[in-house]
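Residue-level listing of the chains:
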Amino acid sequence: MIQDRKRSPYVKACVFMLYLIVALFVIMWVLPSALTNLGVPSDLVMWIEFAFGLLWFVVGGVRSFMIACPNCGRSLFIRHGFISVLWPPKRCSKCDLNLIEGDA
Ligand SMILES: [Zn+2]
């Protein structure tokens, strides 16, 4: 059972990934067209895109390391020692903790 007052690491990671996908969509498509509509020069739009893209990458990277297994502390987004998944696993890749229920 997923407790309401304390979300499981799996749910937290899923919500976080959804936010990242939405943010990427905004940065890639919504932001440049909005800026172009406002009359911002295309080379400046490119730099703003680059800045937001970098910010997205840094925030996404740091945050993904913070969503970790409550038992062994391994990041949900790390498998086999390096980041190889974009979607969190249902079980910890290191200690096999059930990350949906949040307890062993
Ligand atoms: Zn673990």
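Everything numeric here is computed off the predicted structure, so don't read it as measured data.

1. Topic: the coordination of the zinc ion
- With distances of 2.2 to 2.3 Å, the protein atoms coordinating the zinc ion are Cys-69 (SG), Cys-72 (SG), Cys-92 (SG) and Cys-95 (SG).
- Note that the zinc ion binds four donor atoms; their angles at the metal cover 103 to 113 degrees, and the shape is tetrahedral.
- Classification of Cys-69 as buried rests on a relative accessible area of 3%.
- Note on Cys-92: relative accessible area 6%, which makes it buried.

2. Description of the pattern of salt bridges
- In this structure the tally under the stated criterion is one salt bridge.
- The closest approach of N and O atoms between Arg-91 and Asp-96, which form a salt bridge, is 3.7 Å.
- Given the relative accessible area of 42%, Arg-91 is considered partly exposed.
- The exposure class assigned to Asp-96 is partly exposed, which follows from its relative accessible area of 46%.

3. Side note on empty space enclosed by the protein
- Enumeration over the complete set of coordinates arrives at one cavity of 30 Å³ or more.
- In this structure, the largest cavity occupies an estimated 30 Å³ of space.
- Class assignment for the residues of the lining of the largest cavity results in five nonpolar, two polar and one charged.

4. Looking at the packing of helix H1 (residues 9-37) against helix H2 (residues 42-66)
- Direction vectors running N to C along H1 and H2 enclose 175 degrees, while the axes themselves pass 10 Å from each other. By the criterion of interaxial angle, the relationship of H1 to H2 is roughly antiparallel. Residues Phe-16, Leu-20, Ala-23, Leu-24, Ile-27, Met-28, Leu-31, Pro-32, Leu-35 and Thr-36 of H1 lie in contact with H2, whose contacting residues are Val-45, Ile-48, Glu-49, Phe-52, Gly-53, Trp-56, Gly-60, Arg-63 and Ser-64.

5. Here's the deal with unusual backbone geometry
- Residue Asp-96 is not a glycine yet carries a positive backbone phi of 65 degrees.
- Following the sequence through the fold, Asp-96 ends up in the segment after strand E2 (82-83).

Conventions and cut-offs
Residues numbered from 1 in each chain as written. Predicted model: local features only at pLDDT ≥ 70, side-chain atom pairs only at ≥ 80, totals over all residues. Heavy atoms only, no water. Donors = N, O, S within 2.8 Å, 3.2 Å for Na, K, Ca; no water. Tetrahedral: all angles 85-135°; square planar, octahedral: opposite > 155°, others 65-115°. Buried < 20%, exposed > 50% of the residue type's maximum accessible area, 1.4 Å probe, protein only. Salt bridge = Lys/Arg side-chain N within 4 Å of Asp/Glu carboxyl O. 1 Å grid on protein atoms, 1.4 Å probe; cavity = no way out; pocket = protein on both sides within 12 Å on 5 of 7 lines; lining within 4 Å. Points joined across faces, edges and corners; volume = space filled by probe spheres on them. Nonpolar A, V, L, I, M, F, W, Y, C, P; charged D, E, K, R; others polar. Axes fitted to C-alpha atoms, helices over the stretch in contact; angles between N-to-C directions. Helix = DSSP H or I, 4+ residues; strand = E, 2+ residues; numbered from the N terminus. Parallel < 35°, antiparallel > 145°, perpendicular 65-115°, else oblique. Contact = heavy atoms within 4.5 Å.

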